[in-house]
Amino acid sequence: MEFELIAKTFMGLEPVLAQELTQLGANDVQIGRRMVSFTGDKEMMYRANFQLHTAIRILKPIKHFKAQSAEDVYNEIQKIDWSLYIPEGKTFSVDSVVYSEEFRNSRFVTYKVKDAIVDQFREKTGTRPNISISNPDIRLHIHIAEDKATLCLDSSGESLHRRGYRQESVEAPLNEVLAAGMILMSGWKGDTDFIDPMCGSGTLVIEAALIARNISPGVFRKEFAFEKWPDFDQDLFDTIYNDDSQEREFEHHIYGYDIDMKAVNTARLNARAAGLSKDITIEQQDFKDFTQPKEKAIMITNPPYGERISTPNLLATYKMIGERLKHAFCGNEAWILSYREECFEQIGLKPSIKIPVYNGSLECEFRKYSIFDGKFKEFRAEGGVVKTDREKAEMAQKHRFKKNREFKERITATEENDEGDIRSFKFHSLEKKFDKDGDKPRFARRGRDNDGDDRREGKRFDRKGDGKSFGKGDRKYGDKGDRKFGGKFEKGDRKFGGKFEKGDRRGSRDDKRFDRKGGSKFGKKNFSKDFNYDE
């Protein structure tokens, strides 16, 4: 049975997410603001959480209604039989997003929803479910735009950008979903080498490797919120989890460079934790020393803007970038995400496309540069293409964010986002906080030595049911001698990313997580909303 679903994303990534959903087999895919709606069955919902690169959350609407007052909200929520969604003894939380003259405080809406649910349980059972902010069993999300309200179950839980491979970070790291969106917008699918000359903690190069090999980003996650739902289908999710039939070989290579040795070490650590060291080489190198690559390549990078990371002589840095592109990247394409118009001007090259994208509260642009030798007329005469038909169509959509768009110092915000990603952007006066990133990988892949080579030997854990899943207890990851990364899995004291906390099933879903029976093919399984969906 199909039902309504909403995939939330960041401003500017909606078309990319819609394309991902279409390729996944979703039906009735429709683009909104910071969201894409679609329809699908339970299998599609699981796969959307597990396989999408550019979604931050998958919501399942359970009720649409009109609300012109707080009492309307309370009464409509009371009409739902909550025993179907919140089993006895389970906790829940409510998250609200509100754009309405009537409801000026999203927290007030949250309290009204909570009160309606708790009062219903009190009246029917004499007891009430508890609220848990940090780790609820059931997560609810209500969105109100003027008088139109939508109540949803949050099937994702923690934001999907938290892949689980990040071991360490650097100042102002790039959000994983934004990085994946940038790569997909470029059209790169692993058909050439990939270069990020300012790689920081390695987000772009790791996301590039996942895309090149078509690895599901959810494979590193500890858990999804839908696993706590009363109707969770363990066998179905096990099948999806273990189905690596769509993964592919990658014939090229990915290179990351950074001037900071600490960033280099961090990026190497993260790439190794993702099991992708075989595909990624990360070295210390200043961009000014960049030389012409031997093979065809694409460059995608996110230089400092001078906002969260102070850079001496910022304009000179961008002038250097332009000089290196012109003299050491001929015959290739470069994509640059930045914020200040004056920085782009210093590059000294004419972009073939400019795509507005938000990075945190900063309204940035993602620009493509086609680098060629000689004069433009000669390049065109030889059949060279600077701007494709698709890019011409994109450029024709002027003012996609707002009319007469200008680069601003900063969009009004009351709170800095110390993680440097785009989760803190707000429209109107709404702002939502997210938990700090404390993820550790859900598991590590088999067959990886200490350098991350032989990443997986084509298998996930215990695909054939050979009993080599993690069990309970304080185990370490590695071979004998406590190698933190790599080595075969043997019985004994193992650890991957720290001790197991209570309830943290990183290597075992109660000893079922990696005891899967293999994958199966999934077939394709009308929903539109007239509201704009915001975080």
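Residues numbered from 1 in each chain as written. Predicted model: local features only at pLDDT ≥ 70, side-chain atom pairs only at ≥ 80, totals over all residues. Heavy atoms only, no water.

> I keep staring at the overall build of the protein and nothing clicks. Help me out?
Tallying secondary structure elements over the protein gives 12 helices and 14 strands in all. Residues classed as buried in the protein amount to 56% of the 535 residues present. Taken as a whole, the protein presents about 24,100 Å² of accessible surface, with 45% of it coming from carbon and sulfur. (Helix = DSSP H or I, 4+ residues; strand = E, 2+ residues; numbered from the N terminus. Buried < 20%, exposed > 50% of the residue type's maximum accessible area, 1.4 Å probe, protein only. Areas by Shrake-Rupley, 256 points an atom, 1.4 Å probe, with all protein chains shown as cover.)

> What am I meant to see in the pairing of strand E14 (residues 362-370) here?
A regular strand places its side chains on the two faces of the sheet in alternate fashion. E14 sits mainly inside the fold: nine of its nine residues count as buried. Judged by which residues are buried, E14 turns out to be covered on both faces: Leu-362, Cys-364, Phe-366, Lys-368 and Ser-370 on one side and Glu-363, Glu-365, Arg-367 and Tyr-369 on the other are all buried. Bridging between strand E12 (residues 333-338) and E14 involves six bridges; their strand directions are antiparallel. The residue of E14 that forms the bridge with Leu-337 is Phe-366. With seven bridges connecting them, strand E13 (residues 353-359) and E14 associate as antiparallel partners. The residue bridging Lys-354 from the neighbouring strand is Arg-367, located in E14. (Pairing = 2+ DSSP bridges.)

> Which parts of the structure should I look at to understand helix H4 (residues 106-125)?
Residues three or four positions apart in an α-helix share a direction because the helix packs 3.6 residues into each turn. Here H4 contains 20 residues, and its C-alpha end-to-end distance of 29 Å stays within 8% of the 28 Å for a straight helix at 1.5 Å per residue. Of the residues making up H4, those classed as buried are Val-109, Thr-110, Lys-112, Val-113, Ala-116, Ile-117, Val-118, Gln-120 and Phe-121. The secondary structure elements touched by the buried residues of H4 are helix H3 (70-78), strand E5 (92-99) and strand E6 (138-145). In the segment just after H4, Gly-126 is the residue with positive phi, at about 85 degrees. (Expected span 1.5 Å × (residues − 1). Contact = heavy atoms within 4.5 Å.)

> So what exactly am I meant to see when it comes to the pattern of salt bridges here?
Pairs can form between side chains of opposite charge once their charged atoms are near each other. Under the criterion given, the structure shown has 20 salt bridges. Here Lys-368 and Glu-333 are joined by a salt bridge, their closest N and O atoms 3.2 Å apart. Pair noted here: Lys-368 is in strand E14 and Glu-333 is in strand E12, with a separation of 35 residues, a long-range link. (Salt bridge = Lys/Arg side-chain N within 4 Å of Asp/Glu carboxyl O.)

> Got a minute to help me understand the sheet that holds strand E8 (residues 193-196) in this structure?
Strand pairing within a sheet occurs via backbone hydrogen bonds; the two strands may be parallel or antiparallel. Sheet architecture is open: seven strands sit in the order E10-E9-E8-E11-E12-E14-E13, paired in mixed fashion. Of all the strands in the sheet, just strand E10 (280-284) and E13 have a single pairing partner and so form its edges. Each strand of the sheet is rotated relative to its neighbour by a mean of 20 degrees, with strand direction disregarded. (Axes fitted to C-alpha atoms, helices over the stretch in contact; angles between N-to-C directions.)

> Explain the sheet that holds E5 to me, please; I cannot follow it from the model alone.
The mixed open sheet is built from seven strands, whose spatial order is E2-E3-E1-E4-E7-E6-E5. Strand pairing shows two members of the sheet lacking a second neighbour, strand E2 (27-31) and E5, which therefore form its edges. For this sheet the average axis-to-axis angle between neighbouring strands, irrespective of direction, equals 25 degrees. Across seven bridges, the pairing between strand E4 (residues 57-66) and strand E7 (residues 148-154) is antiparallel. Bridging across to E7, Lys-66 finds its partner in Lys-148. Across the sheet, H3 is in contact with E4, E6 and E7; its angle to E4 comes to roughly 110 degrees.

> In this structure, what is going on with the packing of aromatic side chains? I would like to understand it.
Any pair of aromatic rings gets described here by the distance separating the centres and the angle formed by the planes. As enumerated under the stated definition, the model contains 18 aromatic pairs in all. Considering the side-chain rings of Trp-335 and Phe-366, the 4.9 Å spacing of their centres and the 35 degrees angle between planes classify their relative orientation as tilted. Of the two residues, Trp-335 is situated in strand E12 and Phe-366 in strand E14; the sequence distance between them amounts to 31 residues. Residue class for Trp-335 comes out buried when judged on its relative accessible area of 0%. Residue Phe-366 is classed as buried on the basis of its relative accessible area of 0%. Aromatic ring contacts, followed pair by pair, group Tyr-46, Phe-50, Phe-224, Phe-226, Phe-232, Phe-237 and Tyr-241 into a single cluster. Positioned above the aromatic ring of Phe-3, the side-chain terminus of Lys-60 is 4.3 Å from the ring centre. A cation over a ring is seen here: Arg-367 above Phe-344, with NZ or CZ 3.9 Å from the ring centre. (Phe/Tyr/Trp six-rings, centres within 6.5 Å; stacked < 30°, edge-to-face > 60°. Lys NZ or Arg CZ within 6 Å of the ring centre and 35° of its normal.)

> Looking at this structure, how should I read the packing of H3 against H4?
Relative orientation and spacing of two packed helices are given, respectively, by the angle between their axes and the distance between those axes. Two numbers describe how H3 lies on H4: the axes approach to 9 Å, and their chain directions differ by 40 degrees. Classified by the interaxial angle, the pair formed by H3 and H4 is oblique. When you trace H3 past H4, the crossing you get is right-handed. Residues Ala-70, Glu-71, Val-73, Tyr-74, Ile-77 and Gln-78 of H3 form the contact with H4, whose participating residues are Phe-108, Lys-112, Val-113, Asp-115, Ala-116, Ile-117, Asp-119, Gln-120 and Glu-123. (Parallel < 35°, antiparallel > 145°, perpendicular 65-115°, else oblique. Left-handed = near helix turned anticlockwise from the far one by under 90°.)

> It is not clear to me how unusual backbone geometry should be interpreted in this structure. Could you clarify?
Among all residues except glycine, the phi angle is most often negative; among peptide bonds, the trans geometry is most common. The phi dihedral of Asp-28 is positive, around 50 degrees, even though this residue is not glycine. The residue Asp-28 is located in strand E2 in this model. Look at Glu-146: it is not a glycine, yet its phi comes out positive at around 55 degrees. Locating Glu-146 in the fold gives a position in the loop between E6 and E7. Owing to a relative accessible area of 49%, Glu-146 belongs among the partly exposed residues under this scheme.

> What is the right way to read the side chain of His-253 from this model?
Its place among the elements puts His-253 in the loop between helix H7 (234-242) and strand E9 (254-258). Under the relative-accessibility criterion, His-253 is labelled buried at 16%. With near-sequence residues (within four places) excluded, His-253 lies in contact with Asp-193, Phe-194, Lys-278, Asp-279, Ile-280 and Thr-281.

> Looking at this structure, I do not really get the confidence of the model for the protein. What am I missing?
Close reading of the predicted structure is inappropriate where its pLDDT is low. Considering every residue of the protein, the mean pLDDT works out to 77; 68% of them sit at 70 or more. The low-confidence segment residues 401-531 (pLDDT under 50) makes 362 contacts with residues lying over four places distant or belonging to another chain. (pLDDT = per-residue confidence, 0-100.)

> I would appreciate a short explanation of the pairing of E10 in the present structure.
Where E9 meets E10, five bridges bridge the pair, whose relative direction is parallel. Of the residues in E10, the one forming a bridge with Tyr-257 is Glu-283.

> Any chance you could explain helix H8 (residues 261-273) here in plain terms?
In this model H8 runs 18 Å from its N-terminal to its C-terminal C-alpha over 13 residues, within 8% of the 18 Å that 1.5 Å per residue would give. If you check which residues of H8 are buried, you get Ala-263, Val-264, Thr-266, Ala-267, Leu-269, Asn-270, Ala-271 and Ala-273. By the N-cap criterion, in which a side-chain oxygen at the helix start approaches the backbone nitrogen of a residue two or three places on, H8 is capped by Asp-260, the distance to Lys-262 being 3.0 Å. Once H8 finishes, Gly-275 follows within two positions and takes phi at roughly 75 degrees, a positive value. (Polar contact = N/O pair within 3.5 Å; in protein donor to acceptor, adjacent residues only side chain to side chain.)

> Sorry if this is basic, but what is going on with the side chain of Glu-227 here?
As for its position among the elements, Glu-227 is in the loop between helix H6 (203-213) and H7. Residue class for Glu-227 comes out buried when judged on its relative accessible area of 12%. A polar side-chain atom of Glu-227 sits 2.7 Å from the main-chain amide nitrogen of Phe-224.

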